[in-house]
Amino acid sequence: MSALAAPDPAVRSAAAERLAGLATPAGALGRLGDLGVWLSAVQGVVPPRPLDDVRLVIFAGDHGVAQHGVSAYPPAITPAMVRTFVLGKAGVSALAAAHGVHVRVLDIGVDDDLDGVPDEVRTHKVRRGSGAIHVEDALSADEAGRAFAAGRTVAREEIAAGAQLLLSGDMGIGNTTPAAALVAAALGLPAVEVTGRGTGVDDAALTHKQVVVQQALDRVGARVEDPMDALTALSSADLVATVGYLVEAAESGVPVLLDGLMSVACALYADKIAPGAAAWFAAGHRSTEPAQALALDKLGLEPVLDLGLRLGEGSGAVAAVPVLRSAVALLRDVALLADLMPPAPDPA
């Protein structure tokens, strides 16, 4: 695929000029100024428009590797949490309600039929669970293609509904293991450098998790050079759908605020599949997972927040939305210094 068009450089330049002309000391707005300029560039207008329609999609799926001692919680938590999202009672639900963010949860690969859950939650389901990546591929090539297409479709639906800013969230017990494997594969690093504690495993479980991730990398070998093959082998239906969602957003010129490890790992692959996609992404927060920091460095993204969050669900991205809205307000509503200065005296 040819490189995507970058956010409009002329608009970025005009936004930077406006920032420099505000009635504030030079550099006083710090990251807020930078974010305001980025939002102008991705929107193609100076000053940026208010972020009135922000939409989070949570891609849910189970991971075969969760049956192999890599998580502090049982896989049964995944369907239970999907039901909690539907009820609007999860951690991210509270944050989204506080900050006016629309939440949509989708069962892409939950290992449960989710009886009684609204049909629209299950309409894009690819399969129940995924393969345990240290012993088998997560998906077939056909399943990976369907998941990628589902993610693209969902992004188009949210954009058509009016999304000005998209957020990506995740739910799936064990998902930090495939995400760590994806980052290791993308960056050519060993498992020990990328694998973190996820839901909070102890030292022995962390060592075991590192072994599992390395086994997955060794099993796949050179296949990681092809991004879709790497995703097929090492990820899951929900993670591939997230990659498709991110690619479609970037191709459509709609900015994305990324969340934690899963979101950022998928962003690495979105940028491989659609070079230049990363310019359309901002990082909502820094998670506690080492792989996320490594992936952010590769993408050239600096997190908006650093709160020690490891909840997932899109919670860090949602928590960062008020900061982006603050950036918009400053670039829109602060007076220009030139407008405050008295006119120069007439030399005549």
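The structure contained in this document is the topic of the report that follows. (Residues numbered from 1 in each chain as written. Predicted model: local features only at pLDDT ≥ 70, side-chain atom pairs only at ≥ 80, totals over all residues. Heavy atoms only, no water.)

**A short note on the overall build of the chain**
- For the chain, the helix and strand inventory stands at 15 helices and five strands.
- Taken over C-alpha atoms, the radius of gyration comes to 21 Å for the chain, in line with the 20 Å a tight globule of 348 residues would show.
- Each of the 348 residues in the chain was classed as buried or not, and the buried ones make up 54%.
- Summarising the internal contacts of the chain: among those between residues at least 6 apart in sequence, 76% fall at separations of at least 24.
- With the model as given, the accessible surface of the chain reaches about 13,600 Å², and the carbon-plus-sulfur share is 55%.
- For the chain, the distance from the average site of its 25 positive side-chain charges to the average site of its 40 negative ones is 2 Å. (Helix = DSSP H or I, 4+ residues; strand = E, 2+ residues; numbered from the N terminus. Rg over C-alpha atoms; globule rule 2.2 N^0.38 Å. Buried < 20%, exposed > 50% of the residue type's maximum accessible area, 1.4 Å probe, protein only. Contact = heavy atoms within 4.5 Å. Areas by Shrake-Rupley, 256 points an atom, 1.4 Å probe, with all protein chains shown as cover. Lys, Arg positive; Asp, Glu negative; His and termini not counted. Charge placed at Lys NZ, Arg CZ, Asp CG, Glu CD.)

**A word on the pattern of salt bridges**
- Throughout the structure, instances matching the rule amount to 19 salt bridges.
- In this structure, R128 and D113 form a salt bridge, with 3.0 Å as the shortest nitrogen-oxygen distance. Of this pair, R128 sits in the loop between helix 5 (119–122) and helix 6 (141–160) while D113 sits in the loop between strand 2 (101–109) and helix 5, and the two are 15 residues apart along the sequence.
- Owing to a relative accessible area of 42%, R128 belongs among the partly exposed residues under this scheme.
- Overall, D113 belongs to the partly exposed group, its relative accessible area being 43%.
- One salt bridge connects R122 with D119, and the closest N-O pair in it is separated by 2.8 Å. Remark: D119 and R122 occur in helix 5; sequence separation between them is three residues, near one turn of the helix.
- For R122, a relative accessible area of 24% translates into the label partly exposed.
- Of the residues examined, D119 reaches a relative accessible area of 57% and is grouped as exposed. (Salt bridge = Lys/Arg side-chain N within 4 Å of Asp/Glu carboxyl O.)

**Overview of the packing of helix 10 (residues 227–234) against helix 12 (residues 261–273)**
- Running from amino to carboxyl end, helix 10 crosses helix 12 at an angle of 150 degrees, the nearest separation of the two axes being 9 Å. Of the possible angle classes, the one that applies to helix 10 and helix 12 is roughly antiparallel. Where helix 10 approaches helix 12, its residues P227, M228, A230 and L231 are matched on the opposing element by Y269, K272 and I273. (Axes fitted to C-alpha atoms, helices over the stretch in contact; angles between N-to-C directions. Parallel < 35°, antiparallel > 145°, perpendicular 65-115°, else oblique.)

**Structural notes on empty space enclosed by the protein**
- Applying the stated criterion to the full structure yields two cavities of 30 Å³ or more.
- Looking at the largest cavity, its volume works out to about 50 Å³.
- Lining the largest cavity are F59, S168, G169, D170, D238, L239, T242, M262 and S263.
- Its residues assigned to classes, the lining of the largest cavity comprises three nonpolar, four polar and two charged.
- Roughly 30 Å³ of internal volume is contained in the second largest cavity.
- Contributions of two or more residues to the lining of the second largest cavity are made by helix 2 (30–43) and helix 14 (315–333).
- Its residues assigned to classes, the lining of the second largest cavity comprises six nonpolar, two polar and no charged. (1 Å grid on protein atoms, 1.4 Å probe; cavity = no way out; pocket = protein on both sides within 12 Å on 5 of 7 lines; lining within 4 Å. Points joined across faces, edges and corners; volume = space filled by probe spheres on them. Nonpolar A, V, L, I, M, F, W, Y, C, P; charged D, E, K, R; others polar.)

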